[in-house]
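Examination of the molecular architecture
Below are the chains, spelled out letter by letter.
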Protein chains: 2
Amino acid sequence: MDPSNDHHKRMDSLNEVNYNDEENDVEYLGDLDGKEDERLWSSMSERNGSMRIPLLRKRTNNTSQIAVIGAKSCPIESLDYEMIENELFKQDWRSRKKVQIFQYVFLKWGLALLIGIGTGLIGFFNNIAVENISGFKLLLTNNLMLQGSYFKAFLAFFGCNMLFAIIAGALCAYIAPAAAGSGIPEVKAYLNGIDAPSILAPSTFFVKIFGSIFGVSAGFVVGKEGPMVHTGACIANLLGQGGSRKYGLTWNWLRYFKNDRDRRDLITCGAAAGVAAAFRAPVGGVLFALEEAASWWRSALLWRTFFTTAMVAIVLRGFIQYCWTGKCGLFGKGGLIMYDVSNEVATYGGYDILAVIVLGVVGGVLGSIYNALIDKVLRIYSIINEKGPSFRVLLVIVISFITTCCAFGLPWLAKCSPCPTDSSVKCPTSGEGNYKRFQCPDGHYNDLASLFLNTNDDAIRNLFSTTIIREFQIPSLFIFFVTIYFLGIITYGIAVPAGLFIPVILAGGVYGRILGRLFQTLSVLDTGLFSLLGAASFLGGTMRMTVSICVILLELTNNLLLLPLVMIVLLISKTVADCFNHGVYDQIVKLKGLPFLEAHAEPYMRHLVAGDAVSGPLVTFSGVEKVETIVHALQSTGHNGFPVIDGPPFSDSPELCGMVLKSHLLVLLKAKYFSEERRLSGRDILKKFSPFDFAKPGTGKGLTLEDISITDEDMEMYIDLHPIINASPYTVLETMSLAKAQILFRQLGLRHMCVVPKSQGRPPIVGILTRHDFMPEHILGLYPQIKSQKH
Amino acid sequence: MDPSNDHHKRMDSLNEVNYNDEENDVEYLGDLDGKEDERLWSSMSERNGSMRIPLLRKRTNNTSQIAVIGAKSCPIESLDYEMIENELFKQDWRSRKKVQIFQYVFLKWGLALLIGIGTGLIGFFNNIAVENISGFKLLLTNNLMLQGSYFKAFLAFFGCNMLFAIIAGALCAYIAPAAAGSGIPEVKAYLNGIDAPSILAPSTFFVKIFGSIFGVSAGFVVGKEGPMVHTGACIANLLGQGGSRKYGLTWNWLRYFKNDRDRRDLITCGAAAGVAAAFRAPVGGVLFALEEAASWWRSALLWRTFFTTAMVAIVLRGFIQYCWTGKCGLFGKGGLIMYDVSNEVATYGGYDILAVIVLGVVGGVLGSIYNALIDKVLRIYSIINEKGPSFRVLLVIVISFITTCCAFGLPWLAKCSPCPTDSSVKCPTSGEGNYKRFQCPDGHYNDLASLFLNTNDDAIRNLFSTTIIREFQIPSLFIFFVTIYFLGIITYGIAVPAGLFIPVILAGGVYGRILGRLFQTLSVLDTGLFSLLGAASFLGGTMRMTVSICVILLELTNNLLLLPLVMIVLLISKTVADCFNHGVYDQIVKLKGLPFLEAHAEPYMRHLVAGDAVSGPLVTFSGVEKVETIVHALQSTGHNGFPVIDGPPFSDSPELCGMVLKSHLLVLLKAKYFSEERRLSGRDILKKFSPFDFAKPGTGKGLTLEDISITDEDMEMYIDLHPIINASPYTVLETMSLAKAQILFRQLGLRHMCVVPKSQGRPPIVGILTRHDFMPEHILGLYPQIKSQKH
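Worth saying up front: this structure is predicted, and the values here are computed from it rather than measured. (Residues numbered from 1 in each chain as written. Chains lettered and ligands numbered in written order. Predicted model: local features only at pLDDT ≥ 70, side-chain atom pairs only at ≥ 80, totals over all residues.)

**A short note on the overall build of chain A**
Helix and strand counts for chain A stand at 29 helices and 14 strands. Taking all 791 residues of chain A together, 55% fall into the buried category. Across chain A, every contact between residues at least 6 apart in sequence was considered, and the portion connecting residues at least 24 apart equals 79%. (Helix = DSSP H or I, 4+ residues; strand = E, 2+ residues; numbered from the N terminus. Buried ≥ 20, exposed ≤ 12 C-beta atoms within 10 Å, placed from the backbone. Contact = placed C-beta atoms within 7 Å.)

Take a look at the structure:
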């Protein structure tokens, strides 16, 4: 064994593991580059079925810096969670006094408080608006039905739905396409380190709120939970960046939050607050952020997130208590527990365990089919969405029409049930209420109408509970299940803010109830609780979360005794579904072309070393560099970080000095502290800048090269980069296994990682690894011979 | 600015930040080394008040490889969570087929299942044993009191307590001193990467179970929750190592778990299972493991931990249901909810919020005082414990005597209360039950006896509830509070397995109830719920956990509506207490001298670079090394990892090849595949070993140099180290800031980190950083001038 022919050997071993050496089917798509027409790129790649692979297989992978956010293709950027320890940072850090530390700590908690209150308020507003708008529509329809004016009722129902749908669709399509969909995949990607300006922009924020209200009111099978998570994240981002610098609205104290690390923490709090507000589940919110949303977690963050969601809970509780006075219109009967089933005692025996296992398996299978179908539908929709805003609105109209027809048409199929004799509630109900008469004669009610012509929340409450409606007929339940299952699939992906939680809980609740009915003779468990377990199993089957769903359901229903059963059902459904495909959010993240960095490395990465993955031209600077070189490098490459190599006379031999960031270089260029000869002038520069001059802007692109006018004279000058060099970049040896390099990259949240040579007498840096270099598509493109191993 | 005088500059800046340049008060304690008498060292350092600082201030810090585990000083070692990617590993990895992967996955889940079932069983056994032993004692005493034989009752009570205390103390002192105390600090340290053979040894396991049963039965103010966590971790460890290899009891499949990474995951599951079994709180267990116990967390682990605790919940539920038939002796009335308060409706107004804020502040202050006093007491006790096992037992006897006297003597101070008129329960109760007559006339009961002469669980139930006993008198509550508060402090640290949760909940519950009484006129909240909030505030003030305590309390009491108040109270008490000192477990970890690696770096580390912290002699090997050199290095140093440098003729210039581990070297030496000349013979060696020959043994020290007989002839031979070189060690440049180096070290769970030179033409490695090099005491010892900055 000779260590010197190391590379050769490794390549051998790569071939060894290549079990199925099929022909290389890579198609080079010519010399596409980032500046090419975005539309062309998107439609091409989408027609190929997958979003990024054709572009990623090229040797340079800068063309893949585009992903789908909401319903629109946007350029994306990586976030940088590394401490940029340059001279300026250190100088600032040394001079930081107690008062600055106090400002930081105060703001940290103050912002968490504001995020909590803000999200709580919006969550409450959302609820009130939906309940009132939707309630008005349903009241109108039901009253017309009671009067026997069936056609008028249909027109009213249809007109309201269409109006609300068009408002929601138009807001989304014309103002902020990034607000379409759930938003959880985008937030998840952001917290993984992928930024696109539109994800958390103010326009997205406003459209998300109002689009969600009108979308839910329009009767779509969508929830307001995913959008609430996105809204929470937007609030966090907007508060953190503290207004706009352009209009002089920013606050000096907020400068501490003008970096990716602190912004990430805020947005994690925001995501947790969103779930807390949507489900009134503060602990569930924290766990959701931990389990699903966040890629990096610290114990300190747990504590801050917890504080935020506690504030949400307090705000919500206050307002709900206020609404008991009846001043909130049609909203006002709910408590802090959304679907309270605590009155139903959970006793269960052997047959119930069997039923629960069946539920878990069915939930897993249905969940994975759901995910697969959503994937297919999203691919078709993205072609339509690409054609332009008016096509997006058209799609919304079509889906709204289908939904309306189902909701109004299908109840006609149901048989009328006689009203229960022990009627403590009025039956059939005249306006609000759950015993809808629909077409039935007096003294009867239509159980399918009670599910369809109700808000989603009320439908879930009906399904989970036994006290409101004695029993649903199995055919009605079956019709409702099929409708909701498929409507849920075709609705996600249209240009409307659409949460997945409610459709999934609704569909799961129905088939849980069906199974409960089938097991009724054997089982002692209540059918309402079966319905809850069905919802759990379907949630486990689609979203693949465990602890957070468990706690959210617990907080939604306030029945702790059911906990062991919920745990079993979640475990089974997740295990079953994991055999077929990934969780729905992971799938959507991938489908949208977001370069999500997984926590684990792919197996074949163990056979490669860091040096193998380095691609693209390496551009380095000297410690004191000519302005022309820098400007040229910034113009000709899309790189965001450049290694700096110091050579004689500043050091004895060439050595890696550190990294400089493009954004810092631009600030330095704009200030024009140039010198005419190649000399160290950093100390002087240091005095003229505050580190916050280099802070990352909250919105917009920040400084670009076009903003800076460099004269020909300037071009010949020199600039000392030392003050802005991050002297502690994370480095790996070129022989480090790629798997371990990825783990380092991911665990520390890096944007750039330097690969340094192992042997001496070579330039002190081999290359830079970035997020895209770790993407499986990129690596498999470089080494097509290991491709077949993956399957 | 000249980069070449970089070091000089940094040292200048260190002096700049040294605000208070007081005189250097470091005392060098002579040339102590690791082989010196352990007893001498421990007693010396303990008399100095702090355990490690005097030793750590020396330039080489190998003398600090000792810490206190339970009540005994033990040598400690670091764990290694890095993937050791050497040729052997890669060969094995490539040859792994589907069946091996199946074995691993099957075992992973199978072990989680077994840990869950095992911990559930032991938790249940623990409960039954305590309820029966303790119940028998209390029944006897109360019956004698009812008969008026006060002195006989005292003798019975005193005798039982003393007997149980001596059993528990003797087990702990003579068999397994590591089982003393809570065990949570030890488990926390283990999961941070600190190993001592006795932490999870079988003897510790057995003593922990039985010591805890007798300790709790002896009436000590201790809980069985901490010990359950430790027990769960022990079960996980014993199952993972799969019996003993010595007796041929190990199972071939278990070889996959013979490494620190997989063992860590198992033990995390075990710790979670422990909490789940102790509090019957499956979700709380997962969160406890996440928030308090574990230092490294992955999303996959959440899912596996959740599975484990679900199994615990199912086992417990099954047995509790079985016990309803009355076959478990005095145990049998409890449900899955330990302190059910769900019947009490939580309504609260403005004054209640005020009361809750007061509770939070009081809880924070009391909690931090509690921590400070425990610290003091532990320092005193460690001197006594050092003197030998008989002193330890003596200490147990003294504390038992004090506890017995308090429990039996103090109820005499209480005034007799008349029995409630609406007596659905018998009053005074004849045997079991809560209305203890004690010295009172018939028709009256002694409320203090109802608290003292009861199991801790029943006392807590009484405090939380309003339905069992109408009201306690404020003086009684006050006496009980003071007694429990101080008994809790003086009991922790004696040689008995002693959990902290129950004393804290008990003391917190009492002052919560006192405050509830004080606010009674203003408040609408029930005093029982005040008691619960008091317990929450005191838990927050001592343990400083948030989400996990919140969920544990929720699962203990099944009252979800109280959640917002519990959250507020926890937030306030933790914030207040954090102003004074650290959480009790962190404090104990530090006090015991465990080199716990924090997630964040100390501020002054930003001013130092990795090269500054390197200390001690560096021992390197060549790729093909003489046996004599290796044996000598192993004999003369305590190092566990050695860098390997390849030079000509194997490479063009000297280059860092990787790291070899001591344990791997020993295996290679034992096999004696030596060659007479300096040549590469690795390929042949590769074929003769399986990677599991290098697996880390579960218990015991593994192979030592004494086990290997090397002849003088062997000494002159050569050995090819290449097959066992970890070719991908994590490296940092010597100029990397120490803060960032620590973050890398901690995030990736390393044991060794190589520091490589920045400039060329020097040896390819500067030094090795290990856990101890990042300890603040070590760094402040090296650079005493920055010491004053810390305060």
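**Observations regarding the domain arrangement of chain A**
The domains assigned to chain A are domain 1 (98-323), domain 2 (350-591) and domain 3 (603-774). If you average the C-alpha positions of domain 2 of chain A and of domain 3 of chain A, the two centres end up 53 Å apart. (Domains from an automatic or database assignment.)

**Describing the relation of the copies chain B and chain A**
For the pair chain B and chain A, the best superposition has an RMSD of 0.0 Å and corresponds to a rotation of 180° with a translation of 0.0 Å parallel to the axis. Accordingly, the operation relating the two chain copies is best matched by a two-fold axis. Mapped onto chain A, 100% of the interface residues of chain B are again interface residues, and the two copies thus contact each other with one and the same surface. (Least-squares fit on C-alpha atoms with pLDDT ≥ 70 in both.)

**Some thoughts on the nonpolar core**
V566(A) and V566(B) are the most contacted members of the largest nonpolar core, which has 372 residues in total. Apart from the residues lying within four places of it in its own chain, the contact partners of V566(A) are L533(A), A536(A), C550(A) and L553(A). I630(A), L656(A), F642(B) and V755(B) belong to the second largest nonpolar core, which has 110 residues in total. (Core = buried A, V, L, I, M, F, W, Y, C linked by C-beta atoms within 7 Å.)

**A look at the interface of chain B and chain A**
Between chain B and chain A, the residue contacts involve 74 residues of the former and 74 residues of the latter. Broken down by element, the residue count for the side of chain B that touches chain A peaks at nine residues, all from helix α12 (residues 299-323) of chain B. The residue makeup of the side of chain B that touches chain A, split by class, is 40 nonpolar, 18 polar and 16 charged. (Nonpolar A, V, L, I, M, F, W, Y, C, P; charged D, E, K, R; others polar.)

**Things to note about the pairing of strand β13 (residues 753-756) of chain A**
Put simply, side chains in a regular strand alternate between the two faces of the sheet. All names here are of chain A. Across the two faces of β13 the burial is the same, with M753 and V755 and C754 and V756 all buried. Where strand β12 (residues 731-733) meets β13, three bridges bridge the pair, whose relative direction is parallel. Its bridge partner being in β13, L733 is matched across the sheet by V756. With helix α28 (residues 738-747) bridging β12 and the parallel β13, this β-α-β connection has right-handed handedness. Looking at chain direction, β13 and strand β14 (residues 767-769) are connected through three bridges and run antiparallel. Note that in β14 the partner of C754 across the bridge is I768. (Pairing = 2+ DSSP bridges. Right-handed = clockwise from strand over helix to strand, strands pointing away.)

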